[in-house]
Amino acid sequence: MIHLGINVDHIATVRQARRTYEPDPVIAAALAEQGGADAITFHLREDRRHIQERDVEMLMRTVTVKTNFELACAPEVVAIACQWKPDCGLLVPESREEVTTEGGLNCTGDTSRIGEAIARLKDAGISVSLFIDPDVAQVEAAAALGADSVELHTGPYALAKGAKLDAELDRLAKAGDVAASAGMQLHAGHGLNYQNVRPVAALKNIHELNIGHSIVSRAVMVGMKDAVAEMRRILDLFV
């Protein structure tokens, strides 16, 4: 069974637009669990644009499924992750100018900073995943750095059409094979939705998909529990 991770960041984005107390990502996480989520993902950005430190505290106190703490390699945020000890720390690149994450970590060129963050997280007993582009060299570098899993960036796949779509899917498949051969758990995410998720779910060795924006968008129409349940039914077709 493919595990489904639900990213609740954009619930907090709506809240922060008015600097108020609703909607609450903690309540959204509870409803996502009821809908069949296997993990809850939350990204504490350096600029605190959506998830806040209090959200991290409340999520860590209340979530009963896997907690997936998404973070940059910034020492301050790594320290917060080490304090709360989520099940997984997902290291991602981060830029103040970006609307959302625009690409994977550079595991072949930023090894010192990434390696230091990995060591701190592992010393705290936290499993480490690296968000990377579906590039064989990046997968091999992630394995050399000691990552327990990799999350392949599916953004280019989600935007591709025609022959380019097939090429992006092939990149994901080849990178996934290398990750599995290296003994790392294979995750994928970014830009996945109810229409394009099936080919990614059908890839060999996929263990977990992390999806946020499309499910939160659907939840505006049908509610969080039902939006997650719809995606859960799609993924349950793949074993």
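Residues numbered from 1 in each chain as written. Predicted model: local features only at pLDDT ≥ 70, side-chain atom pairs only at ≥ 80, totals over all residues. Heavy atoms only, no water.

- By the naming in an unreviewed UniProt entry, the chain is Pyridoxine 5'-phosphate synthase, taken from Crateriforma conspicua.
- UniProt annotates the chain under Subunit (unreviewed entry) with the comment "Homooctamer; tetramer of dimers."
- Listed under Catalytic activity (unreviewed entry) in UniProt, the entry text for the chain is "3-amino-2-oxopropyl phosphate + 1-deoxy-D-xylulose 5-phosphate = pyridoxine 5'-phosphate + phosphate + 2 H2O + H(+)". (UniProt positions renumbered as here; feature names shortened; annotations may be inferred.)

**Side note on the side chain of Glu208**
So, step 1. Position of Glu208 relative to the elements: it lies in strand S8 (residues 206-211).
So, step 2. Separated by 2.8 Å, the side chains of Glu208 and Lys66 make a polar contact.
So, step 3. Polar side-chain contacts of Glu208 include one of 3.0 Å to the side chain of Asn210.
So, step 4. Sequence-distant contacts of Glu208, that is, excluding residues within four places in its chain, are made with Ile2, His3, Lys66, Asn68, Leu186, His187 and Ala188. (Helix = DSSP H or I, 4+ residues; strand = E, 2+ residues; numbered from the N terminus. Polar contact = N/O pair within 3.5 Å; in protein donor to acceptor, adjacent residues only side chain to side chain. Contact = heavy atoms within 4.5 Å.)

**Notes on the pattern of salt bridges**
So, step 1. Here the structure, examined in full by the defined rule, presents 14 salt bridges.
So, step 2. Taking the shortest distance from any N to any O, the salt bridge between Arg61 and Glu57 comes out at 3.2 Å. Taken together, the residues Arg61 and Glu57, both in helix H3 (residues 53-62) and 4 residues apart, mark about one turn of the helix.
So, step 3. Exposure remark for Glu57: the relative accessible area of 28% places this residue in the partly exposed category.
So, step 4. Its salt-bridge partner being Asp236, residue Arg232 comes within 3.0 Å of it at the nearest N-O pair.
So, step 5. Take Arg232: its relative accessible area is 8%, and that puts it in the buried class. (Salt bridge = Lys/Arg side-chain N within 4 Å of Asp/Glu carboxyl O. Buried < 20%, exposed > 50% of the residue type's maximum accessible area, 1.4 Å probe, protein only.)

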